Amino acid sequence: MSRPGTEQNPLRVAIVGSGPSGFYATEALIKSGLTTRVDMFERLPVPYGLVRSGVAPDHPKLKQAMQVYAKIAESPEFRFFGNVSIGKDLQISELRELYHAVILTCGAESDRRLGIPGEDLKGSHTATEFVGWYNGHPDYRDREFDLSHDTAVIFGQGNVAADVSRILAKTRDELKHTDIAEHALDALDKSNIKHIYVVGRRGPAQAKFTSKELKEFGELADCDPVINPEELILNAQSEAELEEKSSAGNRKVYDLFKGFSEQSASDDKKRRVYFTFLKGPVEILGKDRVEAVKLEKNVLSGDAFGQGARGTGEFTELKTGLVFRSIGYKGVPIEGVPFDDKRGIIPNTDGRVTDINGTIEPGLYTAGWIKRGPSGIIGTNRADSVATIKSLTDDLESNTDSAQKPDDEALVKLLQNKGINYVSFADWKKIDTDEISRGEPKGKPREKYTYVQEMLDIIK
Ligand code: NAP
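Residues numbered from 1 in each chain as written. Predicted model: local features only at pLDDT ≥ 70, side-chain atom pairs only at ≥ 80, totals over all residues. Heavy atoms only, no water.

J.: Would you take a moment to explain the site of the ligand for this structure?
T.: The local shell around the ligand holds 22 residues, among which Gln157, Arg201, Arg202, Glu213 and Gly376 are the closest. The side chain of Arg202 places a nitrogen or oxygen atom 2.8 Å from an oxygen atom of the ligand. Contacts to the ligand include Gly376, whose backbone N or O atom sits 2.8 Å from an oxygen atom. Surface burial for the ligand is 85%, taken as the share of its 910 Å² of free accessible area covered by protein chains. If one sorts the elements of the shell around the ligand by residue count, helix H7 (residues 159-169) sits on top with three residues. When its residues are assigned to classes, the shell around the ligand shows eight nonpolar, eight polar and six charged. Two domains each put at least three residues into the shell around the ligand: domain 1 (11-109 + 330-423) and domain 2 (113-327). (Near = heavy atom within 4 Å. Polar contact = N/O pair within 3.5 Å; in protein donor to acceptor, adjacent residues only side chain to side chain. Areas by Shrake-Rupley, 256 points an atom, 1.4 Å probe, with all protein chains shown as cover. Helix = DSSP H or I, 4+ residues; strand = E, 2+ residues; numbered from the N terminus. Nonpolar A, V, L, I, M, F, W, Y, C, P; charged D, E, K, R; others polar. Domains from an automatic or database assignment.)

J.: Explain the sheet that holds strand S13 (residues 308-319) to me, please; I cannot follow it from the model alone.
T.: Working definition: the strands of a sheet are paired by backbone hydrogen bonds and lie parallel or antiparallel to each other. Strands sit in the order S11-S12-S13 across an open sheet of three strands; the sheet is antiparallel. Two strands bound the open sheet, and with one partner strand each, they are strand S11 (279-285) and S13. In this sheet, adjacent strand axes meet at a mean angle of 25° when their direction is disregarded. Strand direction decides the pairing type here: S11 and strand S12 (residues 292-301), joined by six bridges, are antiparallel. Directly across from Glu283, in S12, lies its bridge partner Lys294. (Pairing = 2+ DSSP bridges. Axes fitted to C-alpha atoms, helices over the stretch in contact; angles between N-to-C directions.)

J.: Can you walk me through empty space enclosed by the protein in this structure?
T.: With a probe scaled to a water molecule rolled over the atoms, the places where space remains empty come into view. Enumeration according to the criterion identifies one cavity of 30 Å³ or more in this entry. Approximately 50 Å³ is the volume attributed to the largest cavity. Along the walls of the largest cavity sit Arg12, Asp39, Arg79, Leu98, Tyr99, Pro406, Asp407, Asp408, Ala410 and Leu411, which together make up its complete lining. Broken down by element, the lining of the largest cavity gets its largest block of residues, three residues, from helix H15 (residues 408-417). Of the residues in the lining of the largest cavity, the class split is five nonpolar, no polar and five charged. (1 Å grid on protein atoms, 1.4 Å probe; cavity = no way out; pocket = protein on both sides within 12 Å on 5 of 7 lines; lining within 4 Å. Points joined across faces, edges and corners; volume = space filled by probe spheres on them.)

J.: Can you help me understand the nonpolar core in this one?
T.: Side chains of nonpolar character tend, in soluble globular proteins, to be buried together. Formed by 46 residues in total, the largest nonpolar core has its most connected members in Phe130, Tyr134, Leu168, Leu188, Leu214, Phe257 and Phe275. Only helix H6 (127-134), strand S7 (151-155), H7, helix H9 (182-189), strand S8 (195-199), helix H12 (248-262), strand S10 (271-276) and strand S14 (322-325) provide two or more residues apiece to this core. With six residues, H7 is the largest single contributor of residues to this core. For Leu188, the residues in contact, after removing those within four places along its chain, are Phe130, Trp133, Leu147, Ile167, Leu168, Leu175, Ile180 and Arg271. Counting 38 residues, the second largest nonpolar core, distinct from the first, contains Leu29, Tyr48, Tyr69 and Phe78. (Core = buried A, V, L, I, M, F, W, Y, C linked by side-chain atoms within 4.5 Å. Buried < 20%, exposed > 50% of the residue type's maximum accessible area, 1.4 Å probe, protein only. Contact = heavy atoms within 4.5 Å.)

J.: Please explain the packing of H6 against H9 as it appears in this structure.
T.: Helices that pack against each other are described as a pair by the angle of their axes relative to one another and the distance between those axes. Contact geometry of H6 with H9 gives a least axis separation of 7 Å together with a crossing angle of 110°. The orientation of H6 with respect to H9, classified from their angle, is roughly perpendicular. Contact residues: Phe130, Trp133 and Tyr134 in H6; His183, Ala184, Ala187 and Leu188 in H9. Here the contact of H6 with H9 is built from residues that sort into six nonpolar, one polar and no charged. (Parallel < 35°, antiparallel > 145°, perpendicular 65-115°, else oblique.)

J.: Would you explain the environment of Ala101 in this entry?
T.: When you line up the elements, Ala101 lands in strand S4 (residues 101-104). Ala101 gets classed as buried once you look at its relative accessible area, which sits at 2%. Between the C-alpha atoms of Ala101 and Glu129, which are 28 residues apart in sequence, the distance is 33 Å. Non-local contacts of Ala101, meaning those with residues more than four positions away in its chain, are made with Arg12, Val13, Ala14, Gly363, Tyr365 and Leu392.

J.: How should the pattern of salt bridges be read in this particular structure?
T.: Note that side chains of opposite charge can pair when their charged atoms are close. Counted according to the given criterion, the structure contains 43 salt bridges. Its salt-bridge partner being Asp58, residue Arg166 comes within 2.7 Å of it at the nearest N-O pair. Here Arg166 is found in helix H7, whereas its partner Asp58 is found in the loop between helix H2 (49-53) and helix H3 (60-63), with 108 residues between them in sequence. Neither residue differs from the other here; Arg166 and Asp58 are each classed as buried. As a salt-bridge pair, Glu182 and Lys444 come within 3.3 Å of each other at their nearest N and O atoms. One end of the pair, Glu182, is in helix H9; the other, Lys444, is in the loop between helix H16 (425-439) and helix H17 (452-459), and 262 residues separate them in sequence. Residue Glu182 is classed as partly exposed on the basis of its relative accessible area of 23%. Take Lys444: its relative accessible area is 5%, and that puts it in the buried class. One continuous salt-bridge network, built from bridges that share partners, spans Arg172, Glu182, Asp186, Asp189, Lys442, Lys444 and Glu447. (Salt bridge = Lys/Arg side-chain N within 4 Å of Asp/Glu carboxyl O.)

J.: How do you make sense of unusual backbone geometry when you look at a structure like this?
T.: With the exception of glycine, the majority of residues adopt a negative phi angle, and the majority of peptide bonds are in the trans configuration. The backbone phi angle of Tyr48 is positive, close to 90°, even though this residue is not glycine. Along the chain, the position of Tyr48 falls in the loop between strand S2 (36-42) and H2. With a phi angle near 55°, Leu278 is a residue other than glycine that sits in the positive phi range. For Leu278, the position within the fold is in the loop between S10 and S11.

J.: Even after reading the chapter, I still don't get the sheet that holds strand S1 (residues 11-16), so can you show me in this structure?
T.: As summarised here, the arrangement of the seven strands in space is S3-S2-S1-S4-S18-S17-S16, forming an open sheet in which the pairing is mixed. Whereas interior strands pair on both sides, the edge strands pair on one side only; in this sheet they are strand S3 (78-82) and strand S16 (348-349). Pairing of S2 with S3 involves five bridges; the strand directions are parallel. Its bridge partner lying in S3, Phe41 is registered against Phe81. With respect to the sheet, helix H14 (residues 380-398) is in contact with S1, S4, strand S17 (352-354) and strand S18 (360-366), its orientation differing from that of S18 by roughly 145°.

Right, here's the structure in full:
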């Protein structure tokens, strides 16, 4: 028998997770020149991961990636199995029986913890919950956010914090023609939030926003950005950071902050977004629910590009009833796969899964955020997945194992025997078409289904 990757012995690959890295891994396999069969598993009935339920509704261009993935999905080598949860419905050991390789591309589904008192008080939420809620993710469909307060505080100064604060700041008119979930649009329309604080533990030169995202705060219909100019005074190390060519992005962000600080907020606008720096969250205060946040004034210490935040022992409090922790995502372990709990990733060498001591687990690979951590934009995942597929194909060349794996029918039979009601790509297309037509009368690109059962009912 020939090596996997030929007509007689196709390379059989399972991909766990249907976000960008899963689709880019599929694309790289299809383009590898090997004869291959790719089965993609997704726990929801709908594909595309964070492109569907993470990218902000008012950033439709970023969602165009879905069209690229739909094209990849048309390849005859590809099958989609939605509504199948790996680690629950099917075990990794079962996939390893059926496939030459299993690639874990399941992203970072949870959040980092602040580790401060009061973090879990009512009214303190993760960015993931809010983003999932306004994007109609079934896991977060029924979350409630008390928007009756006049002040919201967001911890973190990355692009997710930008998304959360911008969605809080926008008017109904600014959102009504996006694919924002209807329940969120209605709730946000009644929002009383007027003051939105976006709090960074380090300085303006270290904020992680990209300039394109930050610039949008100067273009809002009913909200102005506010910055105290004194907070933009830099220490020598931060000046040095911004002078480096590699910091062109941070320089643009800093210049935008400067521009915001020089404008006065319009009295005609209902809302303000305040960017504030060098303030570390030390406690979320309140008896039964959030009443305020306690912040410690920080200073930066360390060399340029290595500056950390150090508390000064000087504290302030900010009254608020609503807190969002937007300090980075974290991966979630999958039953049967090694996991580095500290970093929230699957330990790996160039995409080859290893145990915690670095020993390679043959046949197991990983790509995307669960491989490298939650960083970069959608496109960053393409090169990352290509690199993993290179490791996989290199391994095939150096491996003399020519084992043949069961044919396409074996998986279908296994799922049927287990009574698992899986969703095919053709089924998803029915949901897709239905969502698009539901959106049309409202002038929206789609009105998403937000409950799993609703999605399954459409297929029936
Ligand atoms: P991020 O860019 O890593 O930002 C995390 C923020 O949280 C940083 O400001 C960080 O400050 C802060 N932070 C971390 N731990 C903290 C703590 N204990 N206390 C206070 N602050 C803390 O993460 P993200 O915003 O979740 O974004 C994830 C990735 O998705 C990024 O690559 C982002 O660019 C991307 N994304 C892109 C878009 C887009 O292209 N439009 C939209 C959304 C997300 P330090 O710097 O001090 O650690």
